[in-house]
Amino acid sequence: MQPLAADALFVVHFAIAGFIVAGLVAVWIGAARGWQWVRNLWFRFAHLGAIAFVAVEALLGYVCPLTVWEDLLRGGVRPESFVARWVYRALYYDAPEWVFTAAYSAWAAATVATLFLIPPARKPSGVN
């Protein structure tokens, strides 16, 4: 077992999950407040790619490779997803995996809808 490496991987994994959740919320708030950075094409498609990856792997029944790697570093593989595990630890709430798959898919759909409702800028601001 390598707890330090597993903890470092957890921090990276948590940052990615935070980017997925906070990124979409930031676009909604930023659009309402006129923040131009939320229309950045690279940001928007990186965000879409991240949630699309999570939703597709959940729909196909795959466990996130980062979750598997963290589990291996901690000494064993567990059946629940990264988010399910940490939601349970944070809130003491247990839900079937399909609930998380539905949530990932709904978040991905909201991200795609947001691309149309709040489209990214065609070229970065300040570029002629």
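As a starting point, this report considers the structure included with it. (Residues numbered from 1 in each chain as written. Predicted model: local features only at pLDDT ≥ 70, side-chain atom pairs only at ≥ 80, totals over all residues. Heavy atoms only, no water.)

**Considerations on the packing of helix 1 (residues 3-33) against helix 3 (residues 65-74)**
- Close contact between helix 1 and helix 3 brings their axes to 8 Å; oriented N to C, the two are set at 160°. Taken together, helix 1 and helix 3 sit at an angle that is classed as roughly antiparallel. Judged by the twist between their axes, the crossing of helix 1 over helix 3 is left-handed. From helix 1, Pro3, Ala5, Ala6, Asp7, Leu9, Phe10, His13 and Ile16 reach across to helix 3, where they touch Leu66, Thr67, Trp69, Glu70, Leu73 and Arg74.
- Across the contact of helix 1 with helix 3, the residue classes break down as 9 nonpolar, 2 polar and 3 charged. (Axes fitted to C-alpha atoms, helices over the stretch in contact; angles between N-to-C directions. Helix = DSSP H or I, 4+ residues; strand = E, 2+ residues; numbered from the N terminus. Parallel < 35°, antiparallel > 145°, perpendicular 65-115°, else oblique. Left-handed = near helix turned anticlockwise from the far one by under 90°. Contact = heavy atoms within 4.5 Å. Nonpolar A, V, L, I, M, F, W, Y, C, P; charged D, E, K, R; others polar.)

**Topic: helix 1**
- With 31 residues, helix 1 extends 42 Å from end C-alpha to end C-alpha; this agrees with the ideal 45 Å at 1.5 Å per step.
- Alanine 22 marks the point of greatest bend in helix 1, at about 25°.
- Listed in full, the buried residues belonging to helix 1 are Ala6, Leu9, Phe10, His13, Ile20, Gly23, Leu24, Ala26, Val27 and Gly30.
- Phi turns positive, to about 80°, at glycine 34, one or two residues after helix 1. (Expected span 1.5 Å × (residues − 1). Bend = angle between axes of the 7 residues up to and from the residue. Buried < 20%, exposed > 50% of the residue type's maximum accessible area, 1.4 Å probe, protein only.)

**Here we look at the nonpolar core**
- Formed by Ile20, Ala50, Ile51, Val54, Ala55, Ala58, Ala95, Phe100, Tyr104 and Ala108, the largest nonpolar core amounts to 10 residues.
- For this core, the secondary structure elements donating two or more residues are helix 2 (41-59) and helix 5 (97-117).
- Per-element tally for this core: the top contributor is helix 2, with 5 residues. (Core = buried A, V, L, I, M, F, W, Y, C linked by side-chain atoms within 4.5 Å.)

**A few points about helix 3**
- For helix 3, every residue scored as buried is listed here: Thr67, Glu70, Asp71 and Leu73. Axial view of helix 3: buried residues confined to an arc of 160°, hence all on one face. (Arc of directions from axis to C-beta.)

**Here we look at the side chain of glutamate 57**
- Here glutamate 57 shows up in helix 2.
- Once you skip the residues sitting within four places of it in the chain, glutamate 57 turns out to touch Tyr62, Val63, Cys64 and Pro65.

**Examining the packing of helix 1 against helix 5**
- Remark: helix 1 packs on helix 5, axes separated minimally by 11 Å, with the N-to-C direction vectors making an angle of 35°. Pair helix 1 / helix 5 crosses with left-handed handedness. Residues Ile20, Val21, Leu24, Val25, Val27 and Trp28 of helix 1 form the contact with helix 5, whose participating residues are Trp107, Ala110, Thr111 and Thr114.
- Looking at the contact of helix 1 with helix 5 residue by residue, the class counts come to 8 nonpolar, 2 polar and no charged.

**Quick word on the packing of aromatic side chains**
- Inspection of the entire model under this criterion finds 5 aromatic pairs.
- Ring centres of tryptophan 37 and phenylalanine 43 lie 5.4 Å apart, and the angle between their planes is 65°; this geometry places the pair in the edge-to-face category.
- An aromatic cluster is present here, built from Phe19, Trp35, Trp37 and Phe43 joined pairwise through their rings. (Phe/Tyr/Trp six-rings, centres within 6.5 Å; stacked < 30°, edge-to-face > 60°.)

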